[in-house]
Amino acid sequence: MDNILEVTGLNKRYNKFSLTDVSFTLPEGCITGFIGANGAGKTTTIRAILGIIGRESGRIRIFGKDLEGNERSLKNRIGVVFDDSYFYDELSMAEMKSIVAPAYDKWCEADYRMYMELFKLDGKQTISTLSKGMKMKFALALALSHKAELLIMDEPTSGLDPQIRSQILDILGEYMKKGGRGVFFSTHIISDLDKIADTIVLIDSGRIILDCEKDVLVDRHRRVKGDISWLDNESRAMFLDLQATDYGFSGITARLDELRRRMPDILAERPDIEDIMLAYIGRGK
Amino acid sequence: MKVIISNTSDQPLYQQIKEQMKEAIFSGELRDGDPVPSIRNFANDLKVSVLTIRRVYEELENEGFLSRQVGIGTFISTGNLELLRESKRRVVEQKMADMIKDAKALGIPQEELQEMMDILYGEE
């Protein structure tokens, strides 16, 4: 299986923040969720992947080709959605579309109309009068209408209500039914990833902490609950994250078998991605 | 075919799905030549990763329960019946092992277990 996107040893330094040796891959046919706290480096990474900002070192390969020297041909194959849309507020959506469309060799008017209809958007409406959800849908319609094989999105679901988010996730699932494609999207709404992501990349303070298949990541961890009197210092050390109250304890572990040997009566459940993320980056206390 | 994913099971996801597909094959619900869903569709419906479904299909193919035809699709295969019987036997053996463990824990001797088995087998 080929990788749609490969980032190797990406470094970018700012005064107070830097990306350090950022490496990860997006395998073909996969939706990769890019997670991390605000300010962890998600947007900077995405901007560096797209060549919007420069980098000190590192290699970025898209569809097996280096970004440098292939920018024009690669960008034709990528659809991009940003959180803060780059639209001209005073234009109508149709006018905005006629500015964007010529930039792509494979612009498909029929696809565009299909998505506008699906999203119940009226092209004549002025962009400044759109709600946040409508703007995001419009951005998605533009990104999906030039036969893109890779979608890169920065927080596409942030600030949207659950219904619109779930609609957008369905569109992504639908988009992926065609082979050879990939979606890379950053989000801090982790529950979206439980539903749709195939792989997870976790970034913290500009470094990649995890790059893993989602289901494998969940399978490797458990939320373990039990009576606090069962805990001793050694078993406490087997948790990544542990909360204890007078009524019992609950914690995330990657060492279920060892814990179960020490405390046979514990209750073990599959955690969600948010539990795991917080266990790795800390609860910010 | 029903596939129910448990959040309290110790079994990895791919194994849970694989076992349930095998059960559907043993029970005759999935038959020789039936097409299986595309990886992406199945993953979307079960809300699991495509990589998990890919692993399920690969393992079932290696065990002889699926055959992949390039460009056409992937199909249930029950051609290797001996293999199937062997697997069925393994399922029962596994359950018997659990039962024997319980019996030992409760202090039920082998003869008594045997008697219980005879009675129940006759009743069915």
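Residues numbered from 1 in each chain as written. Chains lettered and ligands numbered in written order. Predicted model: local features only at pLDDT ≥ 70, side-chain atom pairs only at ≥ 80, totals over all residues.

- As recorded in an unreviewed UniProt entry, chain B goes by GntR family transcriptional regulator and comes from Murimonas intestini.

- Looking at an unreviewed UniProt entry, chain A carries the name ABC-2 type transport system ATP-binding protein, with the source organism given as Murimonas intestini.

Some details on unusual backbone geometry
The general pattern is negative phi for most residues beyond glycine and trans for most peptide bonds.
Residue and element names in this part refer to chain A.
Phase 1 of the analysis: Not every positive phi belongs to a glycine, and Glu155 is a case in point at roughly 50°.
Phase 2 of the analysis: Tracing the sequence through the fold places Glu155 in the loop between β7 (150–154) and α6 (162–175).
Phase 3 of the analysis: Given 22 C-beta atoms within 10 Å, Glu155 falls into the buried group. (Helix = DSSP H or I, 4+ residues; strand = E, 2+ residues; numbered from the N terminus. Buried ≥ 20, exposed ≤ 12 C-beta atoms within 10 Å, placed from the backbone.)

Points about the pairing of strand β4 (residues 57–62) of chain A
Sheet faces and side chains relate simply in a regular strand, where the side chains alternate between the two faces.
Residue and element names in this part refer to chain A.
Phase 1 of the analysis: Here five bridges tie strand β1 (residues 3–13) to β4, and the two strands are oriented antiparallel to one another. If you follow Leu5 over to β4, its bridge partner there is Ile62.
Phase 2 of the analysis: Looking at chain direction, β4 and strand β5 (residues 65–66) are connected through two bridges and run antiparallel. From the neighbouring strand, Arg61 faces β5, where its bridge partner is Asp66. (Pairing = 2+ DSSP bridges.)

Digging into helix α3 (residues 50–62) of chain B
Phase 1 of the analysis: Across its 13 residues, α3 of chain B extends 18 Å between first and last C-alpha, which sits within 8% of the 18 Å expected from 1.5 Å per residue.
Phase 2 of the analysis: All buried positions along α3 of chain B are accounted for by Val50, Leu51, Thr52, Ile53, Arg55, Val56, Tyr57 and Leu60 of chain B.
Phase 3 of the analysis: Of the surrounding secondary structure, the elements contacted by the buried residues of α3 of chain B are β10 (207–213) and α8 (214–220) of chain A together with α1 (13–26), α2 (39–46), β1 (66–69) and β2 (73–76) of chain B.
Phase 4 of the analysis: Once α3 of chain B ends, the next one or two residues include Gly64 of chain B, with phi positive near 90°. (Expected span 1.5 Å × (residues − 1). Contact = placed C-beta atoms within 7 Å.)

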